[in-house]
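Structural overview
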Amino acid sequence: MNSTFERAIAAFEPAHWPLAVGFSGGADSTALLAACAARWPGQVVAFHVHHGLQAAADGFEQHCRSMCERLGVPLVVHRVDARHATGESPEDAARRARYAAFAEMARADEARGAIRSVVLGHHADDQVETLLLALSRGAGLPGLAAMPAHAQRNGLDIYRPLLAVAGAEVREWLAGRELPWIEDPTNEDARYTRNRIRSVLLPAVEQAFPQFRSTFARSVGHAAQAQQLLNELAAQDLESVGSPPRIATLQALSRARQANVLRHWLMRSHGCGPSAAQLEQLLDQVRACTTRGHRIHLKVGAGFVERRGDLLHWYNVAPSPKTSL
Ligand SMILES: Nc1ncnc2c1ncn2[C@@H]1O[C@H](COP(=O)(O)OP(=O)(O)OP(=O)(O)O)[C@@H](O)[C@H]1O
């Protein structure tokens, strides 16, 4: 009988060809690359992002090169430097740089035919770690929705076909094929919360709830569905509130709906994710805005939200203090 891993690969149907596999050289993306290359010979490309973050990065690239030669898969390598990103964790900076690099590689590799689909090796354990990490940070619904199996990002379709497959099953499949992989030493580093979740929490959760992968996945699915409804409501509300938002129209909405539409406006129009505290402050200011003279000038994300007449504006640099009210 086919393993869960094989069934997941068999059920995976990307919308566009050729297909790029995000290939770190780790166990999961090695299995994913080998399985995709076997299922769709000649139609798979490997994308490797050289993070330059650790001394071993050159060795990772070299490993990916020899693995791709062995599998007969073309490899595209892109170097990024995520070290200078400020105000975010090293993992978040590396992830952001990685998605931008995928878009660059897809553009640069047009000779092969436009690449619009990238597939990643995240599996069920990664999903549970993401959910627990979100809970540990007090995340709201967007965080609890964890990673989607399919999403669009930077103009690419991003797929995660292994989200229902346990990490151990991926490694089992790989071990049976004598395909080597690299172990990233930072995966063992207990300074990273995600690694502590993996080594300490997951074994305990498994003991308490043996079915946790599928039950947590159901919760993630409920959160994702509810988040989708909130996004749809926010898009509707933004139509009536306007972009930039009109304060009086905002005030006619409930506080929860104001929060939803403002978060949506800041994210969609400016790529700016407000913290919960910043959003609460902004809502207080919107409520207090009953007179023409009430000034709003708040740090939100990497910029500022400011009142200009009847509207709210967002700037990514400090606006001039001579704002007319
Ligand atoms: N440097 C990279 N270059 C290309 N793709 C990457 C890179 N790092 C991660 N990915 C993609 O993102 C997925 C999840 O990343 P994560 O950091 O959890 O994996 P990893 O432990 O580095 O490697 P793996 O998941 O392959 O064991 C990988 O399976 C892979 O598809």
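Up top you'll find the structure we're talking about.
In this text the structure is predicted, and so the values were computed from the model without any measurement.

1. A few points about the packing of aromatic side chains
Under the counting rule described, the total for this entry stands at seven aromatic pairs. Aromatic pair Phe-12 and Trp-40: ring centres 5.9 Å apart, planes at 80 degrees, arrangement edge-to-face. Placement of Phe-12 in the loop between helix H1 (4-11) and strand S1 (19-22) and of Trp-40 in the loop between helix H2 (27-39) and strand S2 (44-50) is noted, with a sequence separation of 28 residues between them. Under the relative-accessibility criterion, Phe-12 is labelled buried at 6%. Of the residues examined, Trp-40 reaches a relative accessible area of 8% and is grouped as buried. Ring centres of Phe-12 and Tyr-159 lie 5.3 Å apart, and the angle between their planes is 65 degrees; this geometry places the pair in the edge-to-face category.

2. So, the pattern of salt bridges
In this structure the tally under the stated criterion is 17 salt bridges. As a salt-bridge pair, Arg-198 and Glu-129 come within 3.1 Å of each other at their nearest N and O atoms. Placement of the pair is Arg-198 in helix H8 (residues 193-208) and Glu-129 in helix H5 (residues 124-136), with a sequence separation of 69 residues. Since its relative accessible area comes to 2%, Glu-129 is described here as buried.

3. Topic: the sheet that holds strand S7 (residues 297-300)
Pairing in this open sheet of three strands is antiparallel, and the strands run S7-S8-S9 from one edge to the other. With one partner strand each, in any of the chains shown, S7 and strand S9 (311-315) form the two edges of the open sheet. Between one strand axis and the next, the sheet turns by 25 degrees as a mean value, whatever way the strands run. Bridging between S7 and strand S8 (residues 303-308) involves four bridges; their strand directions are antiparallel. Directly across from Leu-298, in S8, lies its bridge partner Val-305. In the packing of helix H11 (residues 255-270) onto the sheet, contacts are made with S7, S8 and S9, and the angle to S9 comes to roughly 45 degrees.

4. Section: the packing of H11 against helix H12 (residues 276-288)
In contact at an axis separation of 10 Å, H11 and H12 are set at 120 degrees when each is read in the N-to-C sense. Classed by the angle they form, the pair H11 and H12 counts as oblique. For H11 against H12, the interelement crossing comes out right-handed. Contacts between H11 and H12 pair Arg-255, Gln-258, Ala-259, Leu-262 and Arg-263 from the former with Leu-279, Glu-280, Leu-282, Leu-283, Asp-284, Val-286 and Arg-287 from the latter. For the contact of H11 with H12, a count of residues per class yields six nonpolar, one polar and five charged.

5. Section: the sheet that holds strand S4 (residues 117-119)
The sheet built from six strands is open, its strands ordered S3-S2-S1-S4-S6-S5 with mixed pairing. Two strands lie at the open edges of the sheet, namely strand S3 (75-79) and strand S5 (150-153), each paired on one side alone. Mean inter-strand twist for the sheet, computed between neighbouring axes without regard to direction, equals 30 degrees. As judged from the five bridges shared by S2 and S3, these two strands associate in the parallel manner.

Reading guide: rules and limits
- Residues numbered from 1 in each chain as written.
- Predicted model: local features only at pLDDT ≥ 70, side-chain atom pairs only at ≥ 80, totals over all residues.
- Heavy atoms only, no water.
- Phe/Tyr/Trp six-rings, centres within 6.5 Å; stacked < 30°, edge-to-face > 60°.
- Helix = DSSP H or I, 4+ residues; strand = E, 2+ residues; numbered from the N terminus.
- Buried < 20%, exposed > 50% of the residue type's maximum accessible area, 1.4 Å probe, protein only.
- Salt bridge = Lys/Arg side-chain N within 4 Å of Asp/Glu carboxyl O.
- Pairing = 2+ DSSP bridges.
- Axes fitted to C-alpha atoms, helices over the stretch in contact; angles between N-to-C directions.
- Contact = heavy atoms within 4.5 Å.
- Parallel < 35°, antiparallel > 145°, perpendicular 65-115°, else oblique.
- Left-handed = near helix turned anticlockwise from the far one by under 90°.
- Nonpolar A, V, L, I, M, F, W, Y, C, P; charged D, E, K, R; others polar.

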